[in-house]
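# Structural overview for review
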There are 2 protein chains.
Amino acid sequence: MTAGDVAERAGVSISTVSKALSGKGAVRYETKQRILAAADELGFQANHVATSLFTGRTNTIGVITSDQFGRLTVPVMLGAIEKLSEREIALVLCDGRGDPIREQHFIDSFLRRRVDGILVTGAGEFGRDSLRGDLPVPVVYAMSWSRDENDASVVPDDAEGSRMATRHLLSTGREKLVFISGPQRDDASRKRLAATREVLAERGLDLVHAPLFGEWSERWGRQAVKQVILSGVEFDGVVCASDQVARGATEALREAQIDVPRQVGVIGFDNWDVMVEASQPPLSTIDMSLHEVGAAAATALLEAIETGRLEPGIRRIDCEFIPRESTAVV
Amino acid sequence: MTAGDVAERAGVSISTVSKALSGKGAVRYETKQRILAAADELGFQANHVATSLFTGRTNTIGVITSDQFGRLTVPVMLGAIEKLSEREIALVLCDGRGDPIREQHFIDSFLRRRVDGILVTGAGEFGRDSLRGDLPVPVVYAMSWSRDENDASVVPDDAEGSRMATRHLLSTGREKLVFISGPQRDDASRKRLAATREVLAERGLDLVHAPLFGEWSERWGRQAVKQVILSGVEFDGVVCASDQVARGATEALREAQIDVPRQVGVIGFDNWDVMVEASQPPLSTIDMSLHEVGAAAATALLEAIETGRLEPGIRRIDCEFIPRESTAVV
DNA sequence: CTGAAAGCGCTAACAT
DNA sequence: ATGTTAGCGCTTTCAG
């Protein structure tokens, strides 16, 4: 099933078939119809491989992840997929697992396949190393950002998200806040703490307890709250750097007969459906708009592919505040 | 950067370069070294597109999902990716969303791209329609299975998993079991119920309460247990068709001052880390080995691509029982 | 408006 | 052991 078959059936030459189907050359209306009909009858689909060989573009972009497509990277990837499939661009995936050797291997494979561009993603606990300097195709980092300022990265505006969270808690009349997060070395932990403190400072306030760093788990959230309660410090709001932590915190409060949201407000981060909805009460939280992060990264990559220009630096996508009961005013 | 450049640099012809690099033709050791050196210096990577055009194989397989790569399909896809990347086979992804029009669109795109095979995946609540009869490449369904008996599908052995769960509960000395599941129309619900009853029947037992169908959520798990408690029926074990349901059930039991596992044992299904670990106590459960499902589907597809033969029918992959505290004997 | 011909980068017979 | 040649299926000048 090639263009030759269609040509034969329509009684024209191969090049006329090509022109008719691509719509690029000048073909008489009537012959065009004949060709289209023939192509249709034969179910002809132009061989994309051959086209790519000629044009040098594969309409394919390589996606490499460092975290096995987890909870954070999947939405990013879906956002990118959606954007790219509008333009008939396919994604080929591979899982670098954060191992530079594996990554290098896959990059080579991408280059052999002549992908038009590369998207790098990952959970983004830390800034990551640049892939390597001399790639012949544009590279965009999504969610996971490159420490190299000449690279282009798209990430959620974490800091502003945390500010929104804190401002919201303050706006419900609470002033005695506690901050619970995951590991201290994680980028997200540090940024979210700094942002929380910044908002408090603007109002002449500070956290009423030293920030609590642990792990990204419900268990830690529970434990941290118990610790705060034990410390005897008075508090009326808990800023959590993840929904898991927030859910754990909420549970521990309930167990200690402290009413959420009446006595203490709790806000999470992530808008992870299974956490925020199952929590009692459901959690107010910050949505990182990961879908948009992926879509924006894809758009930037597309533009770079088409124009050859890629604006370096880190682009931040707005987060969204999602109100639920855990911070309601009662 | 083509084979021609390498040839020129090594002072040989293009075909000799091809032979040297592919290792297929006979090339004198010394010239081969020269060619390898030249290729290395130039950083030459053979153009995969050109090779594909010639060989007719793209070393690419298309993956189409009906559920946006959710919690169940991601591990399946990762299992497949791992298997396939061993052989330098890439996956191109798209998201059909269960919409036949979209699916058709992507299938066409796959065919234009001359993928070597197609993998269909999805959460598998129901058996799905076959893609369409006359595809020129092999198709394997993973997790989501095709209702057409001529197709090849790979799924977890759900029924045996449920039997294991029930047998385990019985083995801990419990006999008065309750069954809580998601929507009744879901395939998984019905199969898991049937399997549970089958094991009970073997021992001359039956559920002590009518099976409870609702949704795949913690909330429903909580509600269902409350309902059972309210009914006044005596029970000492809860078979749940998902970890979310099991976690909700466990919570409701705790709230009702019923000790898990001392008074009632609870077993889940999925081995979803964030659920089983955060539950108090942690949940015993059944792992569906989704990674293996993906890997097995990939293997079957590879074989079909290589040999042209694809064994039709549904292949079931063993589940694994994961003991934790919620069913411990105390 | 249509067709012949060259070529994208590679492979594999077939010479030499 | 190496080189020459003819494609893989398409696009695109360039003639006619």
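Residues numbered from 1 in each chain as written. Chains lettered and ligands numbered in written order. Predicted model: local features only at pLDDT ≥ 70, side-chain atom pairs only at ≥ 80, totals over all residues. Heavy atoms only, no water.

### Looking at the relation of the copies chain A and chain B
Just so we agree on the cut-off: C-alpha atoms of residues with pLDDT of at least 70 in both copies form the basis for the least-squares superposition of the copies. Here a residue-residue contact requires only that any non-hydrogen atoms of the pair lie within 4.5 Å.
When chain A is fitted onto chain B, the two copies agree to an RMSD of 0.1 Å after a turn of 180° and an axial shift of 0.1 Å. Between the two chains, the operation in question is that of a two-fold axis. Within chain A, the C-alpha atom positioned nearest to the axis of rotation is that of Val92(A), 2.2 Å from it. Residue by residue, 100% of the interface of chain A is reproduced at the interface of chain B, so both copies engage with the same surface.

### Overview of the protein's contact with DNA strand C
Selection criterion: When at least one non-hydrogen atom of a residue lies within 4 Å of a molecule or strand, that residue is treated as near it. As used in this structure description, the phrase polar contact means that two N or O atoms lie within 3.5 Å; if the pair is within protein, one of them must be able to donate a hydrogen and the other to accept it, and residues adjacent in sequence are counted only when both atoms belong to side chains. Each helix is a run of H or I in the DSSP string that is no shorter than four residues. Each strand is a run of E no shorter than two, and both are numbered from the N terminus.
The immediate surroundings of DNA strand C are formed by 24 residues, with Thr16(A), Lys19(A), Arg28(A), Ala3(B) and Ser18(B) found nearest. Sugar and phosphate atoms represent 71% of those atoms of DNA strand C found within 4 Å of the protein. Contacts to DNA strand C include Ser13(A), whose backbone N or O atom sits 2.8 Å from a phosphate oxygen. A distance of 2.5 Å separates a base oxygen of DNA strand C from a polar atom in the side chain of Lys19(A). Elements that contribute at least two residues to the surface near DNA strand C include exactly α2 (14–22) and α4 (48–55) of chain A together with α2 (14–22) and α4 (48–55) of chain B.

### A few points about the interface of chain A and chain B
We apply this condition: Once two parts are joined, some of their accessible surface, as seen by a 1.4 Å probe, is lost; buried area is that loss totalled over both. By definition, a salt bridge exists where a carboxyl oxygen of Asp or Glu is found within 4 Å of a side-chain nitrogen of Lys or Arg. Following the grouping adopted for this structure description, the nonpolar residues are Ala, Val, Leu, Ile, Met, Phe, Trp, Tyr, Cys and Pro, the charged ones are Asp, Glu, Lys and Arg, and the polar ones are all others, Gly among them.
In this assembly, 47 residues from chain A lie in contact with 47 residues from chain B. Note on chain A versus chain B: buried area summed over both sides is about 4,000 Å², and carbon and sulfur give 51% of it. As a salt-bridge pair, Arg112(A) and Glu88(B) come within 3.1 Å of each other at their nearest N and O atoms. Connecting chain A to chain B are 26 residue pairs in polar contact (both at pLDDT 80 or more). In terms of residue count, helix α5 (residues 73–85) of chain A provides more of the side of chain A that touches chain B than any other element does, six residues in total. Along the lines of polarity and charge, the residues of the side of chain A that touches chain B split into 20 nonpolar, 13 polar and 14 charged.

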